[in-house]
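Per-entry structural report
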Amino acid sequence: MAVAETEFAWHNGEFIKWADAKVHALSHVVNYGSSVFEGIRCYETPRGPAIFRLPEHIRRLFDSAKIYRMVIPFTMQDIERACAAAVARAGLSTCYVRPAVMRGYGTVGVDPTGAPIDVFIFAYPWGPYLGPTALTDGVDVGTSSWARPAPNTHPTMAKAGGNYLNSQLMKMEARANGYVEAIALDTDGRISEGSGENLFLVRDGRLWTTPLASSILPGITRDTVMTLARDLGIPVTETPILREAVYIADELFFCGTAVEVTPIKSVDRQEIGTGKPGPVTRRIQDAYLSLVKGKTKDERGWLYPVAAD
Ligand SMILES: Cc1ncc(COP(=O)(O)O)c(C=O)c1O
């Protein structure tokens, strides 16, 4: 997927030219993967562009930084305002927002002490992550031979750049096997999540999803889906999920900022349910897309208006 460049990037408190948003090749982040970041979507709504659950994403960014002992030299509110300003500067209404915090140039060796902290924010256009028909028709996925990181190795609650080496292995293997995306197991062999999204299973009208202890990223879309499901009267259970439960699910779907709510048609070439997006997935998908696009009432104040900044 090629980058759709815009004109400016935000760097350490000011806007710079997109082309100048660079780090040195000997930066700590380049050599040791020391970055934390967020992926956020902004949607066009009847009241103007709105960033979905921006404060929750920025809180997770600060949580990720804290886990890695990185001190971000801005407040959460500074970064929220800068994200909104980046969208406004780009003149976009529907776009992706990528704040990234990284250990920069100035030290050698693994110990990051003394490496400066660089903060960048980009806003750019980004379409459906798993292909143009993913949301309507669903996707074919495969179980990865790579497991998610074991507890006490790479913290999966942190959205850290280094974690995505594992995701890259999963994704490349899935593509090589003719799948659009992978589902990973945890190191106990239970279901974890996709390479960049969380997973929900539907059986007998109920939703099931894996808990944080199954080596998942605590997805903000996952939380949104659980909340919307409860609003719709659909029971939700967070519990460890066995691999075989996926094959006998009535419906299966991924959720995440990038994939939104994407139905899964098959896993390991076994059809899930009817092999078509099911009614529960559709209800959740409709509720999600209506909410983020401001078509239903934003009862929880999850739409962060861009224009107000
Ligand atoms: C590994 C992983 N799991 C889950 C998610 C979904 O998280 P969110 O809904 O906050 O985008 C993402 C996306 O950031 C991810 O990279």
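Placed above this text is the structure.
In this report, the structure presented in the accompanying data block is examined. Worth saying up front: this structure is predicted, and the values here are computed from it rather than measured.

Structural notes on the overall build of the protein chain
The helix and strand inventory of the protein chain stands at eight helices and 17 strands. Here the C-alpha atoms of the protein chain give a radius of gyration of 19 Å, agreeing with the 19 Å that 2.2 N^0.38 yields for 309 residues. Relative to its full complement of 309 residues, the protein chain shows a buried share of 51%. Put simply, of all contacts in the protein chain between residues at least 6 apart along the chain, 70% involve residues at least 24 apart.

A closer look at the pattern of salt bridges
Opposite charge on two side chains permits pairing when their charged atoms draw close. What the rule picks out here adds up to 12 salt bridges. Close ionic contact of arginine 148 with glutamate 193 constitutes a salt bridge, the shortest N to O distance being 3.2 Å. Residue arginine 148 is found in the loop between β8 (139-143) and α5 (163-176), and its partner glutamate 193 is found in strand β10 (residues 191-194); the two are separated by 45 residues along the sequence. The exposure classification of arginine 148 matches that of glutamate 193, with both residues buried. Three or more residues joined by partner-sharing salt bridges are found here, namely Arg53, Glu56 and Asp223.

Here's the deal with the site of the ligand
By nearness alone, 16 residues border the ligand, and Lys159, Tyr164, Glu193, Thr221 and Thr257 come closest of all. Between an oxygen atom of the ligand and a side-chain N or O atom of arginine 60, the distance comes to 2.8 Å. Separating an oxygen atom of the ligand from a side-chain N or O atom of threonine 221 is a distance of 2.6 Å. For the ligand, whose unbound accessible area comes to 380 Å², protein coverage reaches 96%. Placement of the ligand is best described as lying within the largest pocket. Of all the secondary structure elements, the ones that give two or more residues to the shell around the ligand are α2 (54-67) and α6 (220-231). Broken down by class, the residue content of the shell around the ligand amounts to three nonpolar, eight polar and five charged.

Comments concerning the packing of aromatic side chains
Summed over all chains, the structure comprises 11 aromatic pairs. Here the aromatic rings of phenylalanine 120 and phenylalanine 122 are separated by 6.0 Å at their centres, their planes lie at 10 degrees, and the arrangement is stacked. Considered together, phenylalanine 120 and phenylalanine 122 belong to a single accessibility category, that of buried residues. An aromatic cluster is present here, built from Trp18, Tyr96, Phe120, Phe122, Tyr124, Trp126 and Tyr129 joined pairwise through their rings. Geometry around tryptophan 302 places arginine 53 over its ring, the cationic atom sitting 3.8 Å from the centre. The ring of phenylalanine 8 is capped by arginine 89, whose NZ or CZ atom sits 4.9 Å from the centre of that ring.

A few points about the packing of α6 against helix α8 (residues 279-292)
Contact geometry for α6 and α8: axes closest at 10 Å, N-to-C directions at 110 degrees. In terms of their interaxial angle, α6 and α8 are classed as roughly perpendicular. Considering only the axes of α6 and α8, their crossing is right-handed. Contact with α6, carried on its side by Thr221, Thr224, Val225, Leu228 and Ala229, involves Ile284, Ala287, Tyr288 and Leu291 of α8 and no other residues of that element. Looking at side-chain class alone, the contact of α6 with α8 contains seven nonpolar, two polar and no charged residues.

Side note on the nonpolar core
Counting residues in hydrophobic clusters, the biggest one holds 29 residues, and the most contacted among them are Ile51 and Ile79. Mapped by element, the contributors of at least two residues to this core are β4 (40-45), α2, α3 (76-90), β6 (95-103) and β7 (117-124). By residue number, the principal contributor to this core is α3, which donates six residues. Leave out the neighbours within four places in its chain, and isoleucine 51 touches Ile40, Arg41, Cys42, Cys83, Ala84, Val87, Trp302, Leu303, Tyr304 and Val306. Core analysis: the next-biggest nonpolar cluster, separate from the first, contains 24 residues, Leu207, Val236, Ile284 and Tyr288 among them.

The rules behind each value
Residues numbered from 1 in each chain as written. Predicted model: local features only at pLDDT ≥ 70, side-chain atom pairs only at ≥ 80, totals over all residues. Heavy atoms only, no water. Helix = DSSP H or I, 4+ residues; strand = E, 2+ residues; numbered from the N terminus. Rg over C-alpha atoms; globule rule 2.2 N^0.38 Å. Buried < 20%, exposed > 50% of the residue type's maximum accessible area, 1.4 Å probe, protein only. Contact = heavy atoms within 4.5 Å. Salt bridge = Lys/Arg side-chain N within 4 Å of Asp/Glu carboxyl O. Near = heavy atom within 4 Å. Polar contact = N/O pair within 3.5 Å; in protein donor to acceptor, adjacent residues only side chain to side chain. Areas by Shrake-Rupley, 256 points an atom, 1.4 Å probe, with all protein chains shown as cover. 1 Å grid on protein atoms, 1.4 Å probe; cavity = no way out; pocket = protein on both sides within 12 Å on 5 of 7 lines; lining within 4 Å. Sits in = over half its atoms within 2 Å of the grid points. Nonpolar A, V, L, I, M, F, W, Y, C, P; charged D, E, K, R; others polar. Phe/Tyr/Trp six-rings, centres within 6.5 Å; stacked < 30°, edge-to-face > 60°. Lys NZ or Arg CZ within 6 Å of the ring centre and 35° of its normal. Axes fitted to C-alpha atoms, helices over the stretch in contact; angles between N-to-C directions. Parallel < 35°, antiparallel > 145°, perpendicular 65-115°, else oblique. Left-handed = near helix turned anticlockwise from the far one by under 90°. Core = buried A, V, L, I, M, F, W, Y, C linked by side-chain atoms within 4.5 Å.

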